[in-house]
Amino acid sequence: MLASGALLGVIAGLAIGRSWRPLAAVHIRWFPLLIAGLLARGIAPLVPAVSFPLYVFALAGTAVGAAANVRLVGAALVAFGGALNLVVVLLNHGMPVDPGAVAAASASMPTDALHVTVTGATILAALADVIPVAIAHAVYSVGDVCIALGGFLVPFVLLIRR
């Protein structure tokens, strides 16, 4: 969500005629942690024995890294969304996914170590992956929406600045 939101923010900023130069000049605090989280998220499916801890590290790294950059417009939303997702994942030993929302989005149930099915025992089910997005054939959480919106705003606002 973060990467796609940020990419859309860059595209939108450039589409309204802004320069990319402010992006090159921005100082991102704890950048290595953000990169490590991104790498952990990418590696997790490849190493099933430790994939769940890698997913948790990726979520925590995103939330903490974004919080360290709260001075950037949108970073607080990324931090908040990442924290929401992290709490839900830790409480449920995975991100619960609503099968009804999966059907409504014409999506497939995820089969990775991060996702689990919503049940009657799910804690904070309203914050789980319950938002169907049919056009993307996917199901998202409130945290995902916050991350995507914040990820969009960070580069978009930077591109607007002169």
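See the structure printed just above.
No experiment lies behind these values; they were computed from the predicted model shown. (Residues numbered from 1 in each chain as written. Predicted model: local features only at pLDDT ≥ 70, side-chain atom pairs only at ≥ 80, totals over all residues. Heavy atoms only, no water.)

Describing the overall build of the protein
Step number 1: Helix and strand counts for the protein come out as seven helices and four strands.
Step number 2: N-terminal to C-terminal, the α/β element order of the protein is α-α-α-α-α-β-α-β-β-β-α.
Step number 3: Relative to a compact globule of 162 residues, whose C-alpha radius of gyration would be 15 Å, the protein shows 16 Å and is just as compact.
Step number 4: When the backbone C-alpha atoms are referred to their principal axes, the protein occupies close to 50 × 30 × 25 Å.
Step number 5: Here the protein, with 162 residues, has 38% of them falling under the buried criterion.
Step number 6: For the protein, restricting intrachain contacts to residue pairs at least 6 apart in sequence, the fraction spanning at least 24 positions comes to 65%.
Step number 7: Total accessible area computed for the protein in this model is approximately 8500 Å², and 73% of it derives from carbon and sulfur atoms.
Step number 8: Charged side chains in the protein number 7 positive and 4 negative. The centres of these two groups are separated by 29 Å. (Helix = DSSP H or I, 4+ residues; strand = E, 2+ residues; numbered from the N terminus. Rg over C-alpha atoms; globule rule 2.2 N^0.38 Å. Buried < 20%, exposed > 50% of the residue type's maximum accessible area, 1.4 Å probe, protein only. Contact = heavy atoms within 4.5 Å. Areas by Shrake-Rupley, 256 points an atom, 1.4 Å probe, with all protein chains shown as cover. Lys, Arg positive; Asp, Glu negative; His and termini not counted. Charge placed at Lys NZ, Arg CZ, Asp CG, Glu CD.)

Side note on the environment of Phe31
Step number 1: Here Phe31 shows up in helix α3 (residues 31–43).
Step number 2: Sequence spacing of Phe31 and Ala148 is 117 residues, and the spatial spacing of their C-alpha atoms is 18 Å.

Some points on the side chain of Ser141
Step number 1: Within the element layout of this structure, Ser141 appears in the loop between β4 (138–140) and α7 (142–160).
Step number 2: Excluding residues that lie within four positions of it along the chain, Ser141 makes contacts with Asn85, Met95, Leu127, Ala128, Asp129 and Ile131.

Some details on the packing of α3 against helix α4 (residues 51–68)
Step number 1: Contact geometry of α3 with α4 gives a least axis separation of 8 Å together with a crossing angle of 155 degrees. Comparing their axes, α4 and α3 come out roughly antiparallel. Judged by the twist between their axes, the crossing of α3 over α4 is left-handed. Between α3 and α4, the residues in contact are Leu33, Leu34, Ala36, Gly37, Ala40, Arg41 and Ile43 and Leu54, Tyr55, Phe57, Ala58, Leu59, Gly61, Thr62, Val64, Gly65 and Ala66, respectively.
Step number 2: Taken together, the residues that form the contact of α3 with α4 break down as twelve nonpolar, four polar and one charged. (Axes fitted to C-alpha atoms, helices over the stretch in contact; angles between N-to-C directions. Parallel < 35°, antiparallel > 145°, perpendicular 65-115°, else oblique. Left-handed = near helix turned anticlockwise from the far one by under 90°. Nonpolar A, V, L, I, M, F, W, Y, C, P; charged D, E, K, R; others polar.)

Looking at the nonpolar core
Step number 1: In this structure, Ala44, Phe52, Tyr55, Val56, Leu59, Leu86, Val88, Val89, Met95, Leu114 and Ala128 together form the largest nonpolar core, which totals eleven residues.
Step number 2: Those elements that provide at least two residues to this core are α4 and α5 (75–92).
Step number 3: With four residues, α4 is the largest single contributor of residues to this core.
Step number 4: When neighbours within four sequence positions are excluded, Met95 is seen to be in contact with Asn85, Val88, Val89, Leu114, His115, Val116, Leu127, Ala128, Asp129 and Ser141. (Core = buried A, V, L, I, M, F, W, Y, C linked by side-chain atoms within 4.5 Å.)

A short note on unusual backbone geometry
Step number 1: A positive phi angle, near 50 degrees, is found at His93, a position not held by glycine.
Step number 2: Looking at the element boundaries, His93 is found in the loop between α5 and β1 (95–97).
Step number 3: Positive phi, normally seen in glycine, also occurs at His137, with a value near 50 degrees.
Step number 4: Checked against the element boundaries, His137 lands in the loop between β3 (131–133) and β4.

Considerations on the packing of aromatic side chains
Step number 1: Tallied over the full model, the rule gives one aromatic pair.
Step number 2: Note on Phe152 and Phe156: the rings are 5.2 Å apart at their centroids and 20 degrees apart in plane angle, and the pair reads as stacked. Within this pair, Phe152 and its partner Phe156 are both found in helix α7, separated by four residues, close to a single helical turn.
Step number 3: Phe156 gets classed as buried once you look at its relative accessible area, which sits at 18%. (Phe/Tyr/Trp six-rings, centres within 6.5 Å; stacked < 30°, edge-to-face > 60°.)

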